[in-house]
Amino acid sequence: MWIYEKKLQYPARVCKADVKMAKYLIAQYGGPDGELAAALRYQTQRYTMPTGQSKATLTDIGTEEFAHLEIIATLVFKLLKGVPVEILKREGLGENYTEHGRGIFYSDTTGMPWTASYIQCKDDVIADLTEDMAAEEKARSTYEHLINLTDDPCVKDTLKFLREREIVHFQRFGETLGRVREFYESKKFY
Amino acid sequence: MYDYNINYNLPGLKLAQAYIPLQKYVSSYPPEEAIKKGTIFPELDIPYIREKMR
Amino acid sequence: MEIAQLSLLKKIMEIEFFCIDLNLYLDTHCQDQKAVQDYNFYSEQLNNLKEQYEKFYGPLSVFGYSKSQFPWKWVDDPWPWEIEY
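Everything quoted here is computed from the prediction, not taken from an experiment.

Rules of the game
- Residues numbered from 1 in each chain as written.
- Chains lettered and ligands numbered in written order.
- Predicted model: local features only at pLDDT ≥ 70, side-chain atom pairs only at ≥ 80, totals over all residues.
- Contact = placed C-beta atoms within 7 Å.
- Helix = DSSP H or I, 4+ residues; strand = E, 2+ residues; numbered from the N terminus.
- Nonpolar A, V, L, I, M, F, W, Y, C, P; charged D, E, K, R; others polar.
- Buried ≥ 20, exposed ≤ 12 C-beta atoms within 10 Å, placed from the backbone.
- Core = buried A, V, L, I, M, F, W, Y, C linked by C-beta atoms within 7 Å.
- Expected span 1.5 Å × (residues − 1).

Attention now goes to the interface of chain A and chain C. Each partner contributes to the interface: chain A provides 26 residues, whereas chain C provides 21 residues. Looking at the side of chain A that touches chain C, the elements with two or more residues in it are α4 (52–80) and α8 (153–186) of chain A. Sorting elements by how many residues they give to the side of chain A that touches chain C places α4(A) first, with ten residues.

Contact residues are listed per partner, giving seven residues for chain B and twelve residues for chain C. For the side of chain B that touches chain C, a count of residues per class yields five nonpolar, one polar and one charged.

A separate point is the environment of Phe105(A). Relative to the elements of secondary structure, Phe105(A) occurs in the loop between α6 (94–100) and α7 (125–149). Each C-alpha atom, one on Phe105(A) and one on Ala73(A), is 8.9 Å from the other, the two residues being 32 residues apart in sequence.

Residues and elements named next belong to chain A. Extensive coverage of helix α3 (residues 35–45) is indicated by the burial of eight of its eleven residues. Inspection of α3 places Glu35, Leu36, Ala37, Ala38, Ala39, Arg41, Tyr42 and Gln45 among the buried residues, and these make up the whole buried set. Those residues of α3 that are buried lie in contact with α2 (27–30), α4 and α7.

Turning to the nonpolar core, a few remarks are in order. In terms of nonpolar packing, the biggest core is built from 59 residues, with Ala22(A), Leu25(A), Tyr29(A), Ile72(A), Leu75(A), Val76(A) and Phe18(C) touching the most fellow members. Looking at this core, the elements with two or more residues in it are α1 (19–25), α2, α3, α4, α7 and α8 of chain A, α1 (31–37) of chain B together with α1 (3–28) of chain C. In this view, Ala22(A) contacts Val76(A), Leu79(A), Leu80(A) and Leu93(A); residues no more than four positions away in its chain are not counted.

Our focus in this paragraph is unusual backbone geometry. Residue and element names in this part refer to chain C. Here the amide bond leading from Phe70 into Pro71 is cis, since omega sits at -5 degrees, within 30 degrees of zero. Its place among the elements puts Pro71 in the segment after α2 (33–57). The peptide bond linking Asp77 to Pro78 adopts the cis configuration, its omega dihedral lying at 0 degrees. Relative to the helices and strands, Pro78 resides in the segment after α2.

The terminal C-alpha atoms of α7(A) lie 36 Å apart, and with 25 residues this matches the ideal 36 Å at 1.5 Å per residue to within 8%. Taken together, the buried positions of α7(A) are occupied by Val125(A), Asp128(A), Leu129(A), Asp132(A), Ala135(A), Glu136(A), Ala139(A), Arg140(A), Thr142(A), Tyr143(A) and Leu146(A).

As structure tokens, then:
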């Protein structure tokens, strides 16, 4: 069951009118290594996790990823708000505007729609957790690219927060792998 | 000829397995600082330093 | 959003973030007694702050988690992506 809280996890700000960034940021909204992929991957893998601990970690990190999805949407929303169509066209957002206006949609930077092909759920705890660790590193890497792409200190600040969360999540998935291994090893003795 | 009796000297560790050390919680940043850093744990606070020539 | 409201909202974000990061730690460290104590300490602080906020500014949550003044305040603007932080 999910409950929504009417606040962001982090106070996401935009200081400059860097409209192009909206196009790049969408990578972390509907792209292969983005927050939607992360949230849906963890939420669906959790059903076939073997221990209460692993179910908790997958559920909780998955929930946090929905909060991050909201932060990305907020940055894009703020970057596009009130921007005239002429400027959107000039900054390379004409295609996006055609299909979505200033709406926020689940696609990658090229406009390709999100697909469940970005995620996997194998009912194999080592495969699933290893994929999760890889996903966190890919997300961290994408955030670093995005940080390099902007000189807006406010956007950089939010991206640095999101990047650090990926590092923490990687640690937790790694620990979960260890805990699950302990669990299976303890079952061998009776 | 392969030598099958290689001593890897890896206590508790096995081949073809990934291991991440368990974090130990000792201290935390105060809340107002923690949210800015993106974690409450100093040992997990690994800031991004942009590589040169990229 | 007025300064006093935003300031309280930011404080809630800080304390809730602390709880979230500690929550994720506890999921893999269930036997860490100090961590559980710290989590409960900040959880209580969080609930007090939210109670304070909701008394003046309306519900932060739905589905029975928060009460509302009249008329139903959940629908009020601004929504989180519209706030100037």
